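# Tertiary structure, described
Each chain is listed here by its residues.
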6 protein chains.
Amino acid sequence: MKLLIINPNISTSVTELILREAQRVASPTTQITALTAEFGVAYIETRFEAMIGAYATAELAARHAQNYDAVIVAAFGDPGLAALREVLDIPVLGLTESALMSACMLGQRFSIIAISSRIAAWYRETVQANGLRDRLASIRTLDQRVQHIASIQNDHAQALRLLCEQAIRDDGADVLIIAGAPLAGLARSLSAEIQVPLVDGVSSAVRHAETLVALGAHAPSQGSFAPPPLKPHAGLSPAIQSLLERKAIKPEAI
Amino acid sequence: MKLLIINPNISTSVTELILREAQRVASPTTQITALTAEFGVAYIETRFEAMIGAYATAELAARHAQNYDAVIVAAFGDPGLAALREVLDIPVLGLTESALMSACMLGQRFSIIAISSRIAAWYRETVQANGLRDRLASIRTLDQRVQHIASIQNDHAQALRLLCEQAIRDDGADVLIIAGAPLAGLARSLSAEIQVPLVDGVSSAVRHAETLVALGAHAPSQGSFAPPPLKPHAGLSPAIQSLLERKAIKPEAI
Amino acid sequence: MKLLIINPNISTSVTELILREAQRVASPTTQITALTAEFGVAYIETRFEAMIGAYATAELAARHAQNYDAVIVAAFGDPGLAALREVLDIPVLGLTESALMSACMLGQRFSIIAISSRIAAWYRETVQANGLRDRLASIRTLDQRVQHIASIQNDHAQALRLLCEQAIRDDGADVLIIAGAPLAGLARSLSAEIQVPLVDGVSSAVRHAETLVALGAHAPSQGSFAPPPLKPHAGLSPAIQSLLERKAIKPEAI
Amino acid sequence: MKLLIINPNISTSVTELILREAQRVASPTTQITALTAEFGVAYIETRFEAMIGAYATAELAARHAQNYDAVIVAAFGDPGLAALREVLDIPVLGLTESALMSACMLGQRFSIIAISSRIAAWYRETVQANGLRDRLASIRTLDQRVQHIASIQNDHAQALRLLCEQAIRDDGADVLIIAGAPLAGLARSLSAEIQVPLVDGVSSAVRHAETLVALGAHAPSQGSFAPPPLKPHAGLSPAIQSLLERKAIKPEAI
Amino acid sequence: MKLLIINPNISTSVTELILREAQRVASPTTQITALTAEFGVAYIETRFEAMIGAYATAELAARHAQNYDAVIVAAFGDPGLAALREVLDIPVLGLTESALMSACMLGQRFSIIAISSRIAAWYRETVQANGLRDRLASIRTLDQRVQHIASIQNDHAQALRLLCEQAIRDDGADVLIIAGAPLAGLARSLSAEIQVPLVDGVSSAVRHAETLVALGAHAPSQGSFAPPPLKPHAGLSPAIQSLLERKAIKPEAI
Amino acid sequence: MKLLIINPNISTSVTELILREAQRVASPTTQITALTAEFGVAYIETRFEAMIGAYATAELAARHAQNYDAVIVAAFGDPGLAALREVLDIPVLGLTESALMSACMLGQRFSIIAISSRIAAWYRETVQANGLRDRLASIRTLDQRVQHIASIQNDHAQALRLLCEQAIRDDGADVLIIAGAPLAGLARSLSAEIQVPLVDGVSSAVRHAETLVALGAHAPSQGSFAPPPLKPHAGLSPAIQSLLERKAIKPEAI
């Protein structure tokens, strides 16, 4: 299968990190392409930044999705995920949702470990929109401002491990979600030191994408994820126009 | 005070309807400007359409908000509302949130009367994001496809009245929210025939905007609605760039 | 418009404080009368005290409301608010509900800052009855017994500021509600020092009362806030009798 | 033990019905006294009527409770129950709470069968204040106005049985609560015809009162049900004054 | 009445402790038999141990229940309680559920004091299955491994008292549930030192069992607690077979 | 990888159906073994039957799991799932949980289509234990007694399709879960006729099992899914004894 990963942020170094982590866990027959948002911010911590990332992701998805079997929106918080699900006729996955699903199959309550205190509110709202607030033991975050998004795992290794231990001991977490694309792979490297399962968004999303394709569920033509009703529009990019006019679904080429 | 209303959709006829309803209820000293989205769809029924509307609204708000005391996002479902609250230092209101607040002060449980069955999921999620699901008695909708957005009130007057009566009798609603900008003013015209209070999003938002300005609460510099942390960005419009760089807050002119 | 504020407690000094704060924020054309409960306690901290305050408020409302356009129940916890809404045909507002509505339009999660630890349970139950428990970040209270209700703002200025800062930093509050009529005005005076919006019950209630009158929603004749069914009664004051017999609605004079 | 039952309504016929049902189920050594509210309405259907009933109940409890081992507030909806718990140092029980506790020990989800559609909102709010909304399968009510409160069981036997059957079949109820003092005893007489357990508020409350006395839990001096802090008061009846000044607890006589 | 208490664990010393506490509170005419699980573990702390205890309890109940008027499953966490309710036609009670019901009639929010940190997750899930999570103030536990289950009350008296005080002061508990059969009786002995009511599972269950028998609610033949539909089975003990074939209900003898 | 599927029921025909459906969707390198419970009932509809199925599953898992990489508990309702997760050091999956996870990645709200009305309560409680009640649109069931478990798909094809259509149109389902091992494969065969994605428990569980193995999360040694503390036990089968004594984890052979 062909899998499209879209980084809703403009950081190509993070896109590369995501792609490496994705390839490590993907099945041999899965071909992965990773795209970086053409506009937006370096990494998403807030609702406004997520709104920009959602739009940038939609534009890339509209242009490219018809050549793929599934799409992953590769920022924690899943910007634009539910929106894209309405207009694409292939599975669309997000890092948070995918990590939550993995975590739910490994324990009852999970904590989220994240890179900045500012990001906590957005993550909490994402968990809540997934209906899983009752299973959220805590969100624990580094309390400093993010300085270097590319080196964050090395710069804060000790602090991140401590957050994990506190979540287990003080918050009652059965599973830990290591959140945020810049932390992709950390779950794997920390795993030996931490006494509960660690879950990573990128690798979860890649495997769940393969699963949804294998299960073969078709896109809906009824319900709230059917394509939006046809109606007048204006000022949209050709790719998004095509989506709304349902011309872009599975064409031969871009 | 100067109030900016942004219609996240491209329908100028709906913008005019909103403006008329807004002016009818505004205090004498409130000056209202209404803008129409420069890109997007005719009216929003789904999450994808809301995502487009949010971005179009953000662009207009970024360009114009500095000349106003408050902004209203004038589509039910409040596309982009929470995002805009982070970057503007003036009150930002939405039709759904405003109607919910009015309804909560008039009764315990409310129903929402809306124009299309497709719109129900998006409204339900909006109520849920407001934390008010337990007070939602029901959402009742016209079951036909919307044909003429401008004449919807006349075309379906009888059907809309019937939905109101069913919500009161069968669902236990204490208050009814007449939802969607295309129904602006219907609450007023139906009021005499319906036995519980009717709430309208536009007029609620205008009055609540005046209230928030009068109460004088300043914009946050901490908490999850403080401006996003400064960080690299690319490819954004000048207006949105200015917002992210905090240059655009309260300048003398555009 | 003519606005009646009823202090459910017997403290005339608090009534005066409320009235001053109310007049400061009211529109020029709003005339405000403030009445003090004729029986009850000095300030309400518990459910039993609230029950007394509710009855004292009902008696005053029954006697005077027909000369006004809206009534405010001016104690946090809103004693008797929902009950009065059934029997008066004008808007009835409460300090807690009004503050909650303002807070919800300024952020996602709010904390309540209050004057005594004993009062916290009653406030929590009030928030819960409003269906907003998921948006309550915390209730933080002074931990000493209240000594002088009139000077509480001066006596505890430093401690109250500290509670605000803890709610923002440790509890994730986006907005703070300064609760309790004895703290009326504190939101205003603390505002410059605190990094998130502060909300006050009295000023919120006054502005929301003006809004509900302006919106013109009529009283219900169906639903759970319609007047109680006519039935035998005994031993009630003439004013409450008139309410139950629906004689008192909008007479010429008292 | 000595048990005081207070009917918050003025209907002596209902008091007699309650007393008969109470005596039927009480242990041989339990002595029961039943008092009727000295002021109020014939039966409670709304929040305003409940507020009156709460105050009338408080007055009687304040005057008489010191001679008893437990008090039952004998109207569905439990007017004033939590308030009285703060000021009496003996167990205080209510019909709704008691019926809910019995129902929870007999099945997972319960329905409430009640005498008037108007009463449903008040009951729903009572269940919610008990934190048990998730176990409420439905509230089903007679849809006519109550005519003769004393003969309601006979007048509507067939309709009440039908409501029971619908709640089981259509709403998934495991247990049925026959609600409202005027229906006291109906659970017993309907029992043979209905295929799930029926629960009655009066008999549940009597037995639970005996249990709480037998378990011997003392009254709290901390927590939110400790007596209210001493403070100035005015205009209260001697009995309620004594409660607030903690003079009335367990004296020799009235 | 004849009451059967089944200890789902193999500790006969705990069975004796339970029996003593039960007899202390039972009505004079109640005859109590206590049985110990024939297989299982020394005390239950986890879901797997609870699953074993449930099955051991079911076997004993199937063999003996027909000679009794009610059955108590005497381990906190109520292993197999809901399952047994389907197949026995007499009341079945559990320690947690019974304690929760008592606690709900004594205050609004309760904390649970328990013997090991490992046990907290199982208790939390039990409270949640009872639908009472919103009334749970906290679970506080000894943080050491249990060494001697028989002497745990003496070994940790001081630590348990401290947990109680913290729950009241820091967590806002109105009532405390002293959880776990090995702590039976502790509520009574600690009562004088603690400022809020203490609730014990064993004594609560005994009295509630007497109540359910006195109320006379019959077993359901519809709803989700009616006996399971007849169907093929294999490999079950004779006693459980009889239950499933509905032969064992109220026979003359074992 | 080697996957063990345990049917908690005694129906070998259902085990075969499950195995066929599992093999159809499994990756080429996955080897599947399917075992049938050695004791229990023909199919599980109630809590008591689930308790038996859980114990029968635990016995088989204790005997065989050490030779596998993951275990699937193959009855809807997931009998014993959380319990087994504590004692096995490999991933353990259930049909309901797996179907819920798939459904959550395909839409916002799901309905469950099931084979008997009796089964609905057990399913509802399972969804609730997964914390996903807010996303459950409805449970719709055949209303007849199950006659022939092996031919149920053919016997009721038309009725099952109708339930699907009602769930979409009347309940607002975005996704449908076809529940119960006897309906394994129905999602696939109905798929072309139904306008929203259909989800099947067996195929979901197989793919999610492969995913959890691929993600490589290790078993916990802390948190509530760590192995139960070592303690005295008696009367257990050798296999379950070994689990509790942690001897059975990953030995060379049975």
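In this text the structure is predicted, and so the values were computed from the model without any measurement.

Now for the sheet that holds strand E4 (residues 70-73) of chain D. All names here are of chain D. Ordered in space as E2-E1-E4-E5, the four strands form an open sheet in which the pairing is parallel. The open sheet is flanked by strand E2 (31-36) and strand E5 (92-94), the only strands paired with a single partner. Shown here is a sheet whose adjacent strand axes are inclined to one another by a mean of 20°, direction ignored. Relative to E5, E4 is paired through three bridges, and the arrangement is parallel. The residue bridging Val-71 from the neighbouring strand is Val-92, located in E5.

Peptide bonds are, in most cases, trans, and in most cases residues other than glycine have a negative phi. Residues and elements named next belong to chain D. At Asp-78, a position not held by glycine, the phi torsion is positive, near 55°. Within the secondary structure, Asp-78 is located in the loop between E4 and helix H3 (81-87). Taking the C-beta count within 10 Å as the criterion, Asp-78 has 30 such neighbours and is therefore assigned buried.

All names here are of chain A. Taken as a whole, chain A is organised into domain 1 (2-95 + 205-244) and domain 2 (97-201). Taken over C-alpha atoms, the centre of domain 1 sits 22 Å from the centre of domain 2. With 24 residues of domain 1 at the interface, the matching set in domain 2 holds 19 residues. Counting only elements with at least two residues in the side of domain 1 that touches domain 2, the list comes to helix H1 (12-25), helix H2 (47-64), strand E5 (92-94) and helix H9 (201-215). For the side of domain 1 that touches domain 2, the element with the highest residue contribution is H1, accounting for five residues.

You won't find any contact between chain A and chain D; their C-alpha atoms come no closer than 14 Å. A minimum C-alpha distance of 14 Å separates chain C and chain F, which share no contact.

In this section: the relation of the copies chain A and chain F. Once chain A is rotated about the relating axis by 180° and shifted along it by 0.0 Å, it coincides with chain F to within an RMSD of 0.0 Å. Such a turn and shift between the copies fits a two-fold axis. If distances are taken from each C-alpha of chain A to the rotation axis, the shortest is found for Met101(A), at 2.9 Å. Both copies present the same face, since 100% of the interface residues in chain A are matched by interface residues at the equivalent positions in chain F.

Moving on, we come to the pairing of strand E8 (residues 175-178) of chain B. All names here are of chain B. By the alternation rule, side chains of E8 split into Val-175 and Ile-177 and Leu-176 and Ile-178, which are all buried. Here four bridges tie strand E6 (residues 110-114) to E8, and the two strands are oriented parallel to one another. Following the sheet pairing, Ser-111 is matched in E8 by Leu-176. Where E8 meets strand E9 (residues 198-200), three bridges bridge the pair, whose relative direction is parallel. Along E9, the bridge assignment pairs Ile-177 with Val-199.

Another aspect to go through is the packing of helix H1 (residues 12-25) of chain E against helix H9 (residues 201-215) of chain E. All names here are of chain E. Remark: H1 packs on H9, axes separated minimally by 9 Å, with the N-to-C direction vectors making an angle of 50°. With respect to each other, H1 and H9 are oriented oblique. Of the two possible hands of crossing, H1 and H9 adopt the one that is right-handed. Facing Ile-18, Glu-21, Ala-22 and Val-25 of H1, the residues of H9 in contact are Val-202, Ser-203, Val-206 and Arg-207. The residue inventory of the contact of H1 with H9, partitioned by class, reads five nonpolar, one polar and two charged.

So, how was this worked out
Starting afresh in each chain, residues are numbered from 1 along the sequence in its written order. Just so you know, chain letters begin at A and ligand numbers begin at 1, following the order they were written in. Residue-level local features of this predicted model are given only where pLDDT is at least 70; pairs of side-chain atoms are given and counted only at 80 or more, and the full residue set underlies all totals for whole chains, interfaces and linings. Strands qualify as paired when DSSP identifies two bridges or more between them. Where helices and strands are cited, they refer to DSSP runs of H or I of at least four residues and of E of at least two residues respectively, numbered from the N terminus. Angles shown run from 0 to 180 degrees and are taken between the N-to-C directions of axes, each axis being a line fitted to C-alpha atoms and, for helices, limited to the stretch in contact. Partly exposed residues are those whose C-beta has more than 12 but fewer than 20 other C-beta atoms within 10 Å; 20 or more makes a residue buried and 12 or fewer makes it exposed, with C-beta atoms placed from the backbone. Where each domain starts and ends follows an automatic or database-derived domain assignment. Residues are treated as contacting if the C-beta atoms built from their backbones sit within 7 Å of each other. Superposition of the copies used a least-squares fit over C-alpha atoms from residues whose pLDDT is at least 70 in both. Note on terminology: angles under 35 degrees are roughly parallel, angles over 145 are roughly antiparallel, angles of 65 to 115 are roughly perpendicular, and the others are oblique. Less than a right angle of anticlockwise turn of the near helix away from the far helix marks a crossing as left-handed, whereas a clockwise turn marks it as right-handed. Only Asp, Glu, Lys and Arg are considered charged in this grouping, and only Ala, Val, Leu, Ile, Met, Phe, Trp, Tyr, Cys and Pro are considered nonpolar; every other residue, Gly among them, is considered polar.

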